[in-house]
Amino acid sequence: MPHKMGDRSYRHDVYYQNAKKNNFASRAVYKLDEIDKRFHLIHKGDHVLDLGAAPGSWMQYSLSAVGPAGRVVGIDLLPLKIQLPGYGAFIQGDIRETPVEQFLGPEGRLFDVVVSDMAPNTIGVKFTDATRSAALVLFALEMTDRVLRPGGSFVAKIFQGVDFDEALRALKSRFVRFKVVKPESSRVASKEMYLVAWERRQEPLP
Ligand SMILES: C[S@@+](CC[C@H](N)C(=O)[O-])C[C@H]1O[C@@H](n2cnc3c(N)ncnc32)[C@H](O)[C@@H]1O
């Protein structure tokens, strides 16, 4: 079977190899690891919501960071490829069709951190891919109004392109502090960036 271009470098990529060696479900774990080491967002005992969680490496990272006193809830269209401990939960479904009560659980405790590594099904058309990516970020941001505690933190992948500025405005209205970062482990050729924000305001600014 012919290999896709870049396949070889992908498989020999140090992050890919490390993820395999350390039993992480995906090399994506190193992006969250880098972001969290730099911004100190996830703490022991925290409740974390992971949007676009499959195959599960960000959940593995968060579960280890919050420990058994915390809770990590993930959602994805696809199934996870990891086993969850008792303080982890997973919903298979579309975030746009899942009532937020399902994430919050019976006690309704708000999350301390919401992370989103969601990516649309890319079709290779930059304009469409970027529009869909920004739409997912905007949806995730609107969700934070109902599921993230004031003072809480947010991380989301976004493809650079159209609607990036609109997503940034929506981010700024909700968080006191934010940065746009490109982790070392993110492929140079990829258009992805990560919005990192903390200190959620009580109410979004108009
Ligand atoms: C890059 S992967 C996430 C990798 C994950 N962070 C990890 O570390 O294993 C992006 C995921 O976003 C999910 N996704 C995209 N749109 C979604 C939606 N509307 N609802 C739920 N999940 C979605 C995809 O199914 C895909 O599994």
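Whatever comes next refers back to the structure up there.
Criteria and cut-off values
Residues numbered from 1 in each chain as written. Predicted model: local features only at pLDDT ≥ 70, side-chain atom pairs only at ≥ 80, totals over all residues. Heavy atoms only, no water. Helix = DSSP H or I, 4+ residues; strand = E, 2+ residues; numbered from the N terminus. Rg over C-alpha atoms; globule rule 2.2 N^0.38 Å. Buried < 20%, exposed > 50% of the residue type's maximum accessible area, 1.4 Å probe, protein only. Contact = heavy atoms within 4.5 Å. Areas by Shrake-Rupley, 256 points an atom, 1.4 Å probe, with all protein chains shown as cover. Near = heavy atom within 4 Å. Polar contact = N/O pair within 3.5 Å; in protein donor to acceptor, adjacent residues only side chain to side chain. Nonpolar A, V, L, I, M, F, W, Y, C, P; charged D, E, K, R; others polar. Phe/Tyr/Trp six-rings, centres within 6.5 Å; stacked < 30°, edge-to-face > 60°. Pairing = 2+ DSSP bridges. Axes fitted to C-alpha atoms, helices over the stretch in contact; angles between N-to-C directions. Parallel < 35°, antiparallel > 145°, perpendicular 65-115°, else oblique. Left-handed = near helix turned anticlockwise from the far one by under 90°.

## Some details on the overall build of the protein chain
Then comes step 1: Along its length, the protein chain carries seven helices and seven strands.
Then comes step 2: The order of α-helices and β-strands along the protein chain, N terminus first, is α-α-α-β-α-β-β-α-β-α-β-α-β-β.
Then comes step 3: Over its C-alpha trace the protein chain gives a radius of gyration of 16 Å, about what one expects of a compact globule, namely 17 Å for 206 residues.
Then comes step 4: Judged by the C-alpha coordinates and their principal axes, the protein chain covers about 50 × 40 × 30 Å.
Then comes step 5: The buried share among the 206 residues of the protein chain stands at 50%.
Then comes step 6: Pairs at least 24 residues apart make up 62% of the contacts formed inside the protein chain by residues separated by at least 6 positions.
Then comes step 7: Of the roughly 11,000 Å² of accessible surface on the protein chain, a fraction of 53% belongs to carbon and sulfur atoms.

## Comments concerning the site of the ligand
Then comes step 1: As a matter of local geometry, the ligand sits amid 21 residues, with Gly56, Ser57, Asp76, Asp94 and Asp117 nearest to it.
Then comes step 2: Between the ligand and Ser57 there is a distance of 2.5 Å, counted from an oxygen atom to a side-chain nitrogen or oxygen.
Then comes step 3: Starting from 600 Å² of accessible surface for the ligand in isolation, the protein chains cover 88%.
Then comes step 4: In the shell around the ligand, the residues fall into eleven nonpolar, five polar and five charged.

## Examining the environment of Arg200
Then comes step 1: As for its placement among the helices and strands, Arg200 is situated in strand β7 (residues 192–200).
Then comes step 2: When the C-alpha atoms of Arg200 and Phe154 are compared, they prove to be 8.3 Å apart, with 46 residues separating the residues in sequence.
Then comes step 3: Filtering out sequence-adjacent residues up to four positions away, Arg200 remains in contact with Thr144, Asp145, Leu148, Arg149, Pro150, Gly151, Gly152, Arg174 and Phe175.
Then comes step 4: Among the polar contacts made by the side chain of Arg200, one reaches the main-chain carbonyl oxygen of Gln202 at a distance of 3.0 Å.

## Looking at the packing of aromatic side chains
Then comes step 1: Under the definition given, this model contains five aromatic pairs.
Then comes step 2: With a centroid separation of 6.2 Å and 80 degrees between ring planes, the pair formed by Phe24 and Tyr30 is classed as edge-to-face.
Then comes step 3: Given a relative accessible area of 27%, Phe24 falls into the partly exposed group.
Then comes step 4: The exposure class of Tyr30 is buried, given its relative accessible area of 14%.

## A look at the sheet that holds strand β3 (residues 88–92)
Then comes step 1: Judged by pairing direction, the sheet is mixed, and its seven strands sit side by side in the order β3-β2-β1-β4-β5-β7-β6 without closing on themselves. Every other strand in the sheet has two partners, leaving β3 and β6 (175–181) as the edge strands with one partner each. Each adjacent strand pair in this sheet contributes to an overall mean axis angle of 15 degrees, direction not counted.
Then comes step 2: The pairing of strand β2 (residues 71–76) with β3 spans five bridges and is classified as parallel. Residue Val72 lies in a different strand from β3, and its bridge partner there is Gly88.
Then comes step 3: Running over the sheet, helix α3 (residues 29–39) touches β4 (111–116), β5 (148–159), β6 and β7 and is turned about 40 degrees from β7.
Then comes step 4: Set on the sheet, helix α6 (residues 126–147) makes contact with β1 (47–51), β4, β5, β6 and β7; between it and β5 the angle comes to about 175 degrees.

## Some remarks on the packing of α6 against helix α7 (residues 164–174)
Then comes step 1: Packing of α6 against α7 leaves a shortest axis separation of 10 Å and a crossing angle of 15 degrees. Relative to α7, the element α6 lies roughly parallel. For the crossing formed where α6 meets α7, the hand is left-handed. Across the interface between the two elements, Val137, Leu138, Leu141, Glu142, Thr144 and Asp145 of α6 pack against Glu166, Ala167, Ala170, Leu171 and Arg174 of α7.
Then comes step 2: Its residues placed into classes, the contact of α6 with α7 shows six nonpolar, one polar and four charged.

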